[in-house]
Amino acid sequence: MRVTMATDAGHPGRSNEDFAGAVPCGMVLVDGAGGISGVEKVCRHGVAWYATRLGGALLGALDQERSLRDVLAEGIEWVTDAHRDTCDVTHPISPFAAVAMLRFSGGTVEHLVLGDAVAVVGRAAGEPVVAHDPREVVIARSFEERLKDVPEDGDEYRRLFMELRARRNSPSGFWVAKDDPRVVDEAVTGSSPADDVTVAALLSNGASRLVDTFGLSDWAGLLRLLETDGPAEVIRRVREAEAREGVGADDATIVWRH
């Protein structure tokens, strides 16, 4: 088996806030996200730092005989402790992230998704297993309509953005990795027999747009495109669709095991 990755920053001149990595027993993708202007006053490290630290911790623990939920909980706690004394880790605009993990061990392929990242597991028989959590997408889209004509540097934009952030990690909202390890109870998890798995991929929401935003493929078609043209081509098509539809670009990352 081989692992191929591709990533592309959504905003030229700004750090790519996605993290992706692989080890023999699995793969990790962390889609970092922050707040609005002023985040540097809340956390001096930044979103890319948070995503990289969390992703590295998860990769280093994948081979341990613990559940993926436990691995993620420990990773969240570790990275939070790493900047708890210098940053306001509980502030609504402090760094947070969506997470997707795959682990190959013991005759099974396990997956975990927290937030709006996606894991896709191709099977020899039947449609692929797709693990995603639509809650953030549903809530965020309602706010996008309200934010459409609001100047980004104004008080109303900030008020609406803070209202969206208040829905994070709450029963009526959506769940992401931030400062509280208990959010792992909300993660989407599952497993597939390794003998039935042909390929597997992790995608940040900036890359999964080809399917779940633009509808230019289904998940089986996405896996076929990865097979024939690779992850960089998927991201290129996403960028093309964003330009055509007038949709703002986001960091896009794919990790593909084949």
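Please refer to the structure higher up on the page.
Residues numbered from 1 in each chain as written. Predicted model: local features only at pLDDT ≥ 70, side-chain atom pairs only at ≥ 80, totals over all residues. Heavy atoms only, no water.

*Asks:* Can you help me understand the state of the cysteines in this one?
*Replies:* Two cysteines joined by a covalent bond between their sulfur atoms form a disulfide. Within this structure, the stated rule accounts for zero disulfides. No disulfide involves C43; its nearest neighbouring cysteine sulfur is the one of C87, lying 3.7 Å away. Residue C43 is classed as buried on the basis of its relative accessible area of 4%. (Disulfide = S-S within 2.5 Å. Buried < 20%, exposed > 50% of the residue type's maximum accessible area, 1.4 Å probe, protein only.)

*Asks:* I'm lost on the pairing of strand β10 (residues 252-257) in this one. Help?
*Replies:* Along β10, six of the six residues are buried, which leaves the element largely enclosed by surrounding structure. On β10, burial covers both faces: A252, I254 and W256 on one face and T253, V255 and R257 on the other are all buried. Alignment of strand β1 (residues 3-8) against β10, held across six bridges, turns out to be antiparallel. Of the residues in β10, the one forming a bridge with M5 is V255. As paired strands, strand β9 (residues 197-203) and β10 are joined by four bridges and run antiparallel to one another. From the neighbouring strand, L202 faces β10, where its bridge partner is V255. (Helix = DSSP H or I, 4+ residues; strand = E, 2+ residues; numbered from the N terminus. Pairing = 2+ DSSP bridges.)

*Asks:* I would appreciate a short explanation of the sheet that holds strand β5 (residues 108-114) in the present structure.
*Replies:* A sheet is described by the order of its strands in space; here five strands give the open sequence β2-β3-β4-β5-β8, paired in antiparallel fashion. In this open sheet, the two edge strands, each paired with only one partner strand, are β2 (18-23) and β8 (188-193). Shown here is a sheet whose adjacent strand axes are inclined to one another by a mean of 10°, direction ignored. Where strand β4 (residues 96-105) meets β5, seven bridges bridge the pair, whose relative direction is antiparallel. Within the sheet, the bridge partner assigned to V99 lies in β5 and is L114. Contacts from helix α2 (residues 47-61) reach β2, β3 (26-33) and β4, with the element oriented near 160° to β3. (Axes fitted to C-alpha atoms, helices over the stretch in contact; angles between N-to-C directions. Contact = heavy atoms within 4.5 Å.)

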